[in-house]
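# A closer look at the structure
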Amino acid sequence: MTARQAEAEAASTHVASFDRLRHVESMAQLPSGAGRISHLNAVILGESLASEENDLVFPSHDFSRKALVSSPEQYRKMYESSIEDPAGFWSEIASQFYWNNKWDPEVYSENIDARKGTVKFEWFKGGSTNISYNALDRNIEAGNGGKVAIYWEGNEPGDDGQLTYAELLEKVCQLANYLKHVGVRKGDAVVIYLPMLVELPIAMLACARIGAVHSVVFAGFSAEALAQRIIDCKPKAVITCNAVRRGSKAIHLKEIVDSALIESVKNGVSVGLCLTFENKSAMKREDSKWQEGRDVWWQDVVPQFPIKCSVEWVDAEDPLFLLYTSGSTGKPKGVLHTTGGYMVYSAATFKYAFDYKPSDIYWCTADCGWITGHSYVTYGPLLNGATVVIFEGAPNYPDSGRCWDIVDKYKVTIFYTAPTLVRSLMRESDEYVTRYHRKSLRVLGSVGEPINPSAWRWFYNVVGDSRCPISDTWWQTETGGFMITPLPGAWPQKPGSATFPFFGIETVIVDEKGNEIEGECSGYLCIKKSWPGAFRTLYGDHERYETTYFKPFAGYYFSGDGCRRDKDGYFWLTGRVDDVINVSGHRIGTAEVESALVSHPQCAEAAVVGVEHEIKGQGIYAFVTLVEGIPFSEELRKSLVLAVRNQIGAFAAPDKIHWAPGLPKTRSGKIMRRILRKIASGQLDELGDTSTLADPSVVDQLITLRDC
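Within an unreviewed UniProt entry, the label attached to the protein reads (wild Malaysian banana) hypothetical protein, and the organism entered is Musa acuminata subsp. malaccensis. Its UniProt record gives the protein the following Sequence similarities (unreviewed entry) comment, quoted word for word: "Belongs to the ATP-dependent AMP-binding enzyme family."

Shown next as structure tokens:
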């Protein structure tokens, strides 16, 4: 379908879409303050997160007055424009960046319906640009070369550094020149296996500058997982460091890479270069294992190269990066993002969702090994000329006040993190937060999973002093950027709701037969039209791309998530539909049960999985972490079950409460539910690889407590 055909179809249907936004007309007239709204019971897949109360939380008049999008009316006008005229809307934003050649007259083309042929999106095709140039050179040419681009905070307090935009460009150019010198060319893959040193975004930007395709692998993955990715994308080089210190623990990354490269050779993939950064704070050079002829020290070669490097202009649809995400088949999926559309979309979503101002100091706690680190640590912020804080360390080291110490040190104004981190910090005394000023903060953000209302309120009231709006964002590796998100100054928030779709995103909720449902409803969240930041394929497996995302509901992108839209049009994400438990015919989202458990004042965190049940088909098995200092007891178990019964219903009551001193999480905070399912079902010999966990010993603790 061409852009003109798509726009004609959109024009015939946009009225129905905007009916869902009718509520925004009256919101501007609501008084400031927290007004009570009706309780929303979570009873089936897609219902809102369980909470004792759902209040409207308004931005202050002063915040809204200064916001980029300051009212529901302004949002409505911009949203309507983005749906009625996507070509014009996104062209205007794209024109703010540098293009060596402008794109073709057809701004975009799309086929989202697998029944009509190959699924394919193209945005700004024919336009040539470079995301590294736009993130660095363009800002320097605008007079911001002396502005700090990156503040870096190391594991140990006092271990820090900074780079201006001009200094960052020089380092990017030196590495880019070195990569060209060793034969890396446009279209070649480079695997990056680094912790959150400044060398990680430097490596990403250097690859982009010369048209190479970077594939960042989270530096917590095992050698086996790293080898899988190397074998799939066949890189010209691997970039790593010898070691990193996390808290008091040293992790030997180079040895993991060595093992992965040995495994890769066994599978017919040989990598000729392992560029290794010497991280002196974690390991001395002489203690590092080495293979002559393949391994090269970064510090020995990269600084010798020129600080200027010509730009490789690439087509908007040329690949920018591969990012592997987990798949249900066990084989990682290589999500492929291209250059032009991703550049425009990551920049626009960052700007509006965080109400970015040039004076802001922005800190996202994510690792660049995940999509959040791509879009909202490196590309989105730097494309906007922002100052970014990067932290390589543990958020509870040396104590649980580390995050707020960093906020005060750098005068952070925008703080973006995961609900898991929020909940883990909730377990500790509020004194770890309140002993720091935090007065610089003005916007908070949440990413990675639905944030339960009690965690939202703690984040808002304690961390943000009840004055900072929370951008509770919903999006995915595949989407490239935010899809549903608050715009901080535009409308009131409901704790736990991602609120409304971003510009250009035509969200729909469908039933099990794929029929769109209007108004207040529950079902499966889908996207009706393409958007610039969408991934273009799964590397080497377009059939899997179509089967996974476009065939479950023909004519739509299927997110894989359950969702509810309430009577006011707010969207409530309830987690993956494969995280759904079917109890006696009731389809219950695990996030709903988890939220009900966490609403209990003595529960710090919960993770729910389904287990086989002789009578009900599936039963509910809940792993519960208690507030620090609270002992396990039968009375407390009954109280937790009662909390779920009261908020959701008797059918959702957990069959088993498993006391959990900690939950198995990756370093980024993602709960490894695969492991929890195996423990719950007693399949202890099938736990699989636990090396990616932040604390593998948690698994042994859970097994020990299984029968308690």
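From this point, the narrative continues.
Scanning the protein from terminus to terminus reveals 23 helices and 31 strands. The C-alpha atoms of the protein give 24 Å as radius of gyration, which agrees with the globular expectation for 708 residues (27 Å, within 12%). The C-alpha extent of the protein, read off along each of the three principal axes, is 65 × 60 × 50 Å. Relative to its 708 residues, the protein shows a buried fraction of 63%. When contacts within the protein are restricted to residue pairs at least 6 apart in sequence, long-range pairs at least 24 apart make up 73% of them. Positive and negative side-chain charges of the protein, numbering 74 and 87 respectively, have mean locations separated by a distance of 1 Å.

Counting residues in hydrophobic clusters, the biggest one holds 158 residues, and the most contacted among them are Trp90, Phe124, Leu168, Leu175 and Phe503. Counting residues in hydrophobic clusters, the runner-up holds 31 residues, among them Val57, Ile361, Val422 and Val462.

A few words now on the sheet that holds strand S22 (residues 516-517). With antiparallel pairing, the five strands of this open sheet are ordered in space as S22-S21-S23-S25-S26. Every interior strand has two partners, whereas the edge strands, S22 and strand S26 (571-576), have only one.

This part covers unusual backbone geometry. The omega torsion across Tyr397 and Pro398 is 0°, close enough to zero to call that bond cis. Relative to the helices and strands, Pro398 resides in the loop between strand S17 (387-391) and helix H15 (402-410). The phi torsion at Lys234 lies on the positive side, around 50°, for a residue other than glycine. Here Lys234 lies in the loop between helix H10 (223-233) and strand S8 (237-241). Here the phi dihedral of Arg438 falls at roughly 60°; this positive angle occurs in a residue that is not glycine. Position of Arg438 among the secondary structure elements: in the loop between helix H17 (431-434) and strand S19 (443-446). Judged by its relative accessible area of 4%, Arg438 falls in the buried class.

On inspection of all chains with the given rule, the structure shows 38 salt bridges. A salt bridge links Arg115 to Asp113, with the nearest nitrogen and oxygen atoms 2.8 Å apart. Exposure remark for Arg115: the relative accessible area of 64% places this residue in the exposed category. Salt bridges sharing partners connect three or more residues here, namely Glu153, Asp160, Arg402 and Lys409.

This next bit is on the pairing of strand S29 (residues 603-613). On any regular strand, side chains alternate: one points to one face of the sheet, the next to the other face. The element S29 is extensively covered by neighbouring structure, given that eight of its 11 residues are classed as buried. By the bridge criterion, 10 bridges tie S29 to strand S30 (residues 617-626) in an arrangement that is antiparallel. When the bridges of S30 are listed, Val608 appears paired with Ala622. Between S29 and S30, which pair antiparallel one after the other, the connecting turn spans three residues.

Here helix H21 (residues 634-647) spans 20 Å end to end across 14 residues, near enough to the 20 Å set by a 1.5 Å rise per residue. Tucked inside the fold, the buried residues of H21 contact helix H20 (590-598), S29, S30 and strand S31 (656-659). Within two residues after H21, Gly649 carries a phi angle of roughly 145°, on the positive side.

When pLDDT is averaged across the protein, the result is 89; 91% of the residues are at 70 or more. Confidence over residues 6-53 falls short of pLDDT 50; this stretch has 132 contacts with residues more than four positions distant or in other chains.

With respect to the helices and strands, Asp695 occurs in the loop between helix H22 (673-680) and helix H23 (697-704). As a C-alpha pair, Asp695 and Phe502 span 193 residues in sequence and 36 Å in three-dimensional space.

Turning our attention to the sheet that holds S19. The sheet built from seven strands is open, its strands ordered S5-S4-S17-S16-S18-S19-S20 with mixed pairing. Each of the sheet's edge strands pairs with one partner strand only, and the pair in question is strand S5 (160-164) and strand S20 (470-472). Geometrically, the sheet is characterised by an average inter-axis angle of 15° between neighbouring strands, direction not taken into account. Note that strand S18 (residues 414-417) and S19 share four bridges and pair parallel. For Phe415, the partnering residue across the bridge sits in S19 and is Leu444.

Let's shift gears to the pairing of S17. The buried fraction of S17 is high, at five of five residues. On S17, burial covers both faces: Thr387, Val389 and Phe391 on one face and Val388 and Ile390 on the other are all buried. Across four bridges, the pairing between strand S4 (residues 148-153) and S17 is parallel. Across the sheet, residue Glu153 finds its bridge partner in S17, namely Phe391.

Applying the stated criterion across every chain yields a total of 61 aromatic pairs. Centroid distance Tyr545 to Tyr549: 6.4 Å. Interplanar angle 55°. Geometry classified as tilted. Here Tyr545 and its partner Tyr549 are both found in helix H19 (residues 542-549), four residues apart, which amounts to about one turn of the helix. What makes Tyr549 buried here is its relative accessible area of 4%. Pairwise contacts between aromatic rings join Tyr75, Tyr79, Phe89, Trp90, Tyr345, Tyr352, Trp491, Phe500, Phe502, Phe503 and Tyr570 into one cluster. Note that Arg229 overlies the ring of Phe221, its terminal NZ or CZ placed 4.4 Å from the centroid.

Throughout the structure, instances matching the rule amount to zero disulfides. Counting only cysteine sulfurs, Cys521 is the nearest neighbor of Cys563, a cysteine outside any disulfide, at a range of 7.7 Å. Using a relative accessible area of 0% as the deciding quantity, one classes Cys563 as buried.

Next up on the list: the side chain of Ser559. Position of Ser559 relative to the elements: it lies in strand S25 (residues 557-565). A polar contact of 3.1 Å, which involves the side chain of Ser559, links it to the backbone nitrogen of Asp561.

Turning our attention to the environment of Ile231. With respect to the helices, strands and loops of the structure, Ile231 is situated in helix H10. We classify Ile231 as partly exposed; its relative accessible area is 21%. Placed 37 residues apart in sequence, Ile231 and Gly268 show a C-alpha to C-alpha distance of 7.9 Å. Contacts of Ile231, omitting those with residues within four sequence positions, involve Glu263, Ser264, Asn267 and Val269.

Let us now look at the packing of helix H8 (residues 165-181) against helix H9 (residues 199-209). When two helices pack together, their arrangement is given by the angle between the helix axes and by the axis-to-axis distance. Closest axis-to-axis distance for the H8/H9 pair is 8 Å, and the angle between their directions is 60°. In this view, H8 runs oblique relative to H9, as classed from their interaxial angle. With respect to the hand of their crossing, H8 and H9 are arranged in right-handed fashion. Contacts from Leu168, Leu169, Lys171, Val172, Cys173, Leu175, Ala176 and Leu179 in H8 reach Ile202, Ala203, Leu205, Ala206, Cys207 and Arg209 in H9.

Moving on: the environment of Pro532. Considering the arrangement of structural elements, one finds Pro532 in the loop between strand S23 (521-527) and strand S24 (537-538). Judged by its relative accessible area of 1%, Pro532 falls in the buried class. The spatial distance from the C-alpha of Pro532 to the C-alpha of Tyr108 is 8.5 Å, given a sequence separation of 424 residues. Excluding its chain neighbours within four sequence positions, the residues that come into contact with Pro532 are Trp90, Trp123, Phe124, Gly341, Tyr342 and Tyr345.

How each quantity is defined
- Positions within a chain are numbered from 1, following the residues in the order the chain's sequence is written.
- Predicted model: local features are reported for residues with pLDDT of at least 70 only, side-chain atom pairs are reported and counted for 80 or more only, and whole-chain, interface and lining totals are derived from all residues.
- Computation of side-chain values covers all heavy atoms of the structure but excludes hydrogens and water.
- UniProt positions are given in the numbering used here, feature names are shortened, and annotations may be inferred rather than shown by experiment.
- Put simply, DSSP H or I for four residues or longer makes a helix, DSSP E for two residues or longer makes a strand, and each gets a number counted from the N terminus.
- C-alpha atoms define the radius of gyration in this analysis, and the globule rule sets the expected value at 2.2 Å times the number of residues to the power 0.38.
- When a residue's accessible area, from a 1.4 Å probe over protein chains only, is under 20% of the maximum for its type it is buried; when over 50% it is exposed; and in between it is partly exposed.
- The contact criterion used throughout is that any non-hydrogen atoms of two residues lie within 4.5 Å.
- For the charge count, each Lys or Arg is scored as positive and each Asp or Glu as negative, with His and the chain ends excluded.
- Where a charge lies is defined by one atom per residue type, namely NZ (Lys), CZ (Arg), CG (Asp) and CD (Glu).
- Working definition of a nonpolar core: buried Ala, Val, Leu, Ile, Met, Phe, Trp, Tyr and Cys residues. They are joined through side-chain atoms within 4.5 Å.
- Here, a strand pair is defined by DSSP locating no fewer than two bridges between the strands.
- Here, a salt bridge means any Lys or Arg side-chain nitrogen found within 4 Å of an Asp or Glu carboxyl oxygen.
- Helix span is expected to be 1.5 Å times the residue number reduced by one.
- Confidence of the predictor in every single residue is expressed as pLDDT, which spans 0 to 100.
- To obtain each axis, a line is fitted to C-alpha atoms, and for helices this fit is confined to the stretch in contact; angles are then taken between N-to-C directions over 0 to 180 degrees.
- Any two rings among Phe, Tyr and Trp, with Trp reduced to its six-membered ring, count as a pair given centres within 6.5 Å; such a pair is stacked if its planes are under 30 degrees apart, edge-to-face if over 60, and tilted if neither.
- By definition here, charges over rings are those cases where NZ of Lys or CZ of Arg is within 6 Å of the ring centre and within 35 degrees of the ring normal.
- Two cysteine sulfur atoms form a disulfide, by the criterion used here, when they sit within 2.5 Å.
- Throughout this description, a polar contact denotes any pair of N or O atoms lying within 3.5 Å of each other; where both atoms belong to protein, one of them has to be capable of donating a hydrogen while the other can accept it, and for residues adjacent in sequence the pair is counted only when both atoms sit in side chains.
- Throughout this description, any angle smaller than 35 degrees is read as roughly parallel, any larger than 145 degrees as roughly antiparallel, any in the 65 to 115 degree range as roughly perpendicular, and the remainder as oblique.
- Note: crossing handedness is left-handed where the near helix turns anticlockwise from the far helix by less than a right angle, and right-handed where it turns clockwise.

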